Amino acid sequence: MKRIKDIYIWLVLIFTYFATRLVNLKIIPIFTDEAIYARWAQIALNDPINRFISLEDGKQPLFIWAGAAFMKFVADPLVAIRLVSTAAGAGSVIGIFLLTREIFNKRVAYIASALYLILPFTLLYDRIALYDSTLTALGIYSVYFLIRLAKNPKLDTAFLAGFAVGVGLLTKSSAYFYLFYIPFTLVFFDFSKYYKKRLGKWLLLAALIVLMSVFIFNLLRLSPLFYIIGRKNLEFIRPIGDVLNNPFTFAFSNLKSITRWLLAYLSVPFSLVLLFSVPLAIIKRQNKVVFLWILVLMPLTAEAIFNKVLYPRFALFYFPYVIILIAYTTSFIYDKLKNKIAYAALLLAAVAAPLYSSAAIIFSPTRAKIPYSDSNQL
């Protein structure tokens, strides 16, 4: 019976995902970045010499290659390039389920997957042709395999993790954060007994992940345009020297912007649920919750300090861990709240604003209550 129930749930999740991502896919007119990426994909498809054309602007080429592949089967270049994000989002739904189940349990995993479907932040970027949905999906699988490696150090898991991080680096430089997460996955390592040999094996496999992912990224050196990636990054990120001289030049304004964007995309009730996970982690001594907060706060802090240009989409790759924190806390509240009618009312109040914004994105984007930094661009 449980298996049949799981099948039904997944059928609903899959149907809901593709309905929310594909209906009115072209309702948002093509904007500058999408037009550029679609043109690059067309050129890459039809001219093998220019497969690395995105490097001319310092952008890694994986997203463009995927767009070119979709254009072989989809005539409309805008639809084809947007379908890359839609496909990546489908991978994220599955990945966030696997990751959450690995950390907590199946019920929390289903809640996390459902939240991914309805929250306007993920829905919007699964429907437009930007790099960030692809990066987010690869990040989820990177973290998933890194956690599995910590629980059971195995060569095949290390290869999968190294491949996920490496392909992430072929998508966007933000994927370097996935390597910085590696030491923190030791939260899931069993130190109870006979751990020294396993820890040594884990260290070797962790080093392999770093080498493998960096090797994959350095395949881009086959193009003489590789150096432009670093130059492009400096358009968005302050040099280390500037940060050391004055680390807080943009920190407070950036932090304020990120907080405001997350609040707008989450709604006030879900933001409060997210914050409640902090005392919950302390009271219950949940290292797993602390680990998820590290996955959020590390890149958030880095963006606040280092970024001189910032958009809401830059927070998307660590947004899944916000979703998992909310799912865990929501599940905890359900267990503790005796009055289930009150719980249903609270849940309805929490999802009302995100559902309205998500529906507006699908049917009337100008009415969507999303941050001005996104609505202005679109």
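Anything mentioned here points back to the structure above.
Let me begin by describing the structure that accompanies this report. (Residues numbered from 1 in each chain as written. Predicted model: local features only at pLDDT ≥ 70, side-chain atom pairs only at ≥ 80, totals over all residues. Heavy atoms only, no water.)

1. Some details on helix α2 (residues 32-46)
Applied cut-off: Runs of H or I in DSSP of at least four residues are treated as helices and runs of E of at least two as strands, each being numbered from the N terminus. Take the number of residues in a helix, subtract one, and multiply by 1.5 Å to get its expected span. Burial here depends on accessible area, computed with a 1.4 Å probe over protein chains only, as a share of the maximum for the residue type. Under 20% is buried, over 50% is exposed, and the range in between is partly exposed. Note: the arc covers the axis-to-C-beta directions of the helix. Contact between two residues is taken to exist if any of their heavy atoms lie within 4.5 Å; hydrogens are not considered.
The terminal C-alpha atoms of α2, which comprises 15 residues, lie 22 Å apart, in line with the 21 Å expected from a rise of 1.5 Å per residue. Looking only at α2, the buried set comprises D33, E34, Y37, A38, W40, A41 and A44. Along α2, the residues classed as buried sweep out an arc of 160 degrees about the axis, all on the same side. Residues T32 and N46 are exposed on α2 and point more than 90 degrees away from its buried face. Residues of α2 that are buried make contact with α3 (62-71) and α4 (77-103).

2. Examining the packing of helix α7 (residues 132-151) against helix α8 (residues 155-169)
Stated precisely, the cut-off is as follows: Inter-axis angles, ranging from 0 to 180 degrees, are taken between N-to-C directions of lines fitted to C-alpha atoms, where helices are fitted over the stretch in contact. Put simply, angles under 35 degrees are roughly parallel, angles over 145 are roughly antiparallel, angles from 65 to 115 are roughly perpendicular, and the rest are oblique. Take the far helix as the reference: if the near one is turned anticlockwise from it by less than a right angle, the crossing is left-handed, and if turned clockwise, right-handed. Residues are grouped as follows: Ala, Val, Leu, Ile, Met, Phe, Trp, Tyr, Cys and Pro are nonpolar; Asp, Glu, Lys and Arg are charged; every other residue, Gly included, is polar.
Look at α7 against α8: their axes get within 8 Å of each other, and the N-to-C directions meet at 155 degrees. In terms of their interaxial angle, α7 and α8 are classed as roughly antiparallel. In this structure, the crossing between α7 and α8 has a hand that is left-handed. Two secondary-structure elements touch here, α7 through L135, L138, Y141, S142, F145, L146, R148 and L149 and α8 through T157, A158, L160, A161, A164, V165, V167 and G168. Across the contact of α7 with α8, the residue classes break down as twelve nonpolar, three polar and one charged.

3. Here we look at α3
Within the sequence span of α3, burial applies to F63, I64, G67, A68 and M71. Buried residues along α3 cover an arc of 140 degrees about the axis, so they all sit on one side. The inward-facing, buried residues of α3 abut α2, α4 and α7.

4. Thoughts on the side chain of N307
Position of N307 relative to the elements: it lies in the loop between α15 (287-306) and α16 (319-336). Taking the relative accessible area as the measure of exposure, N307 reaches 8% and is therefore buried. Not counting residues up to four positions away in its chain, the partners in contact with N307 are F236, I237, F250, N254, A302 and F314.

5. Some thoughts on the nonpolar core
The nonpolar side chains of soluble globular proteins are, as a tendency, buried together. Filter applied, for reference: We define the nonpolar core as a collection of buried residues of types Ala, Val, Leu, Ile, Met, Phe, Trp, Tyr and Cys that are connected through side-chain atoms lying within 4.5 Å of one another.
One finds L99, L292 and Y321 to be the most contacted residues of the largest nonpolar core, which totals 117 residues. Setting aside residues up to four positions removed in sequence, L292 forms contacts with I103, F104, Y321, I324 and L325.

6. Re a nonpolar patch on the surface
For the record, the criterion: Like-charged residues within 9 Å of one another, or nonpolar side chains (Val, Leu, Ile, Met, Phe, Trp, Tyr) within 5 Å, are grouped into patches, provided each residue has over 30% relative accessible area and no salt bridge. To measure how exposed things are, a 1.4 Å probe is used in the Shrake-Rupley method; for residues, cover is taken only from the protein chains shown. Salt bridge, as used here: a side-chain nitrogen of Lys or Arg that lies within 4 Å of a carboxyl oxygen of Asp or Glu.
The grouping of I4, I7, Y8 and L11 at the surface amounts to a nonpolar patch, some 430 Å² of accessible area in total. Of note, L11 is situated in helix α1 (residues 2-22).

7. Some points on the pattern of salt bridges
Here the idea is simple: oppositely charged side chains can pair when their charged atoms come close. As enumerated under the stated definition, the model contains twelve salt bridges in all. Salt bridges sharing partners connect three or more residues here, namely D33, D132, K172 and R313.

8. Details of the environment of K59
Condition: Any pair of N or O atoms that falls within 3.5 Å is considered a polar contact. Within protein, one atom must be able to donate a hydrogen and the other to accept it, and sequence-neighbouring residues count only if both atoms are side-chain atoms.
As for its position among the elements, K59 is in the loop between α2 and α3. In this structure the C-alpha to C-alpha distance between K59 and N233, which are 174 residues apart in sequence, comes to 9.1 Å. Residue contacts for K59: discarding those within four places in its chain leaves Y37, W40, S54, Y131 and K232. Polar contacts involving the side chain of K59 include one to the side chain of Y37, which spans 2.9 Å.

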